[in-house]
Amino acid sequence: MTQTMIERVARAICASEDDNDPDFQTDYIPDGPTVPLWTLYEHQARAAIAEMDEPTEAMTNAALALDDGVDWVTALFLSDYNSAQELYADVWKAMHNAALQEGKEEGE
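Below you will find a few notes about this structure. What you see is a predicted model, and the numbers here were worked out from it, not measured in a lab.

Thoughts on the overall build of the chain
Helix and strand counts for the chain come out as 5 helices and 2 strands. In the chain, the succession of α and β elements from N to C terminus is α-β-β-α-α-α-α. Counting across all 108 residues of the chain, residues that qualify as buried make up 20%. Taking contacts inside the chain between residues at least 6 apart in sequence as the whole, the part at least 24 apart equals 49%.

Digging into helix 1 (residues 5-16)
Compared with an ideal rise of 1.5 Å per residue, which puts 12 residues at 16 Å, helix 1 spans 16 Å between its outermost C-alpha atoms and is within 8% of the ideal. Packing partners of the buried residues in helix 1 comprise helix 2 (42-51). D18 sits one or two residues past helix 1 and shows a positive phi near 55 degrees.

Section: unusual backbone geometry
Phi is positive for D19, which is not a glycine, with a value near 55 degrees. Assignment of secondary structure puts D19 in the loop between helix 1 and strand 1 (25-26). Overall, the relative accessible area of 72% leaves D19 in the exposed class. A positive phi angle, close to 60 degrees, is found at D31, a residue other than glycine. Here D31 is to be found in the loop between strand 1 and strand 2 (35-36).

Considering the pattern of salt bridges
Once their charged atoms are close, side chains differing in charge can pair, the charge on each being opposite to the other. With the rule as written, the count across this model stands at 2 salt bridges. One salt bridge connects R11 with E7, and the closest N-O pair in it is separated by 2.8 Å. Residue R11 and its partner E7 are located together in helix 1, separated by 4 residues, close to a single helical turn. In this structure R11 comes out as buried when scored by relative accessible area, which is 17%.

Considerations on the side chain of T26
As for its position among the elements, T26 is in strand 1. The residues touching T26, leaving out its near neighbours within four places in the chain, are P33, T34, V35, L37 and L40.

Focus: the environment of M5
Turning to its location among the elements, M5 is positioned in helix 1. When the C-alpha positions of M5 and R46 are compared, they lie 9.0 Å apart, and in sequence the two are 41 residues distant.

The rules behind these values
Residues numbered from 1 in each chain as written. Predicted model: local features only at pLDDT ≥ 70, side-chain atom pairs only at ≥ 80, totals over all residues. Heavy atoms only, no water. Helix = DSSP H or I, 4+ residues; strand = E, 2+ residues; numbered from the N terminus. Buried < 20%, exposed > 50% of the residue type's maximum accessible area, 1.4 Å probe, protein only. Contact = heavy atoms within 4.5 Å. Expected span 1.5 Å × (residues − 1). Salt bridge = Lys/Arg side-chain N within 4 Å of Asp/Glu carboxyl O.

Below you can see the structure in the form of structure tokens.
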């Protein structure tokens, strides 16, 4: 089964805390059903993803750097991209990587 982005981020947050096993079954509600530990982090994952709704200047600059003055529609048909989805995935990855790098240059 394909994981949603919410699940992927929730699992990452869960695992980052004391090396938790995201698949560990927990019964955090007395007499309730057991659930995977990562599900307790879904609200944090949603909040983190929602905050990325508005890209930063570094993110938009990363996307623009991929363009380099080339018409993207033409580039799609005259390049190694097999689909618009691949092209957009590369744009997203560039923007995402730029977001992860923010603050590192400043020593954070």
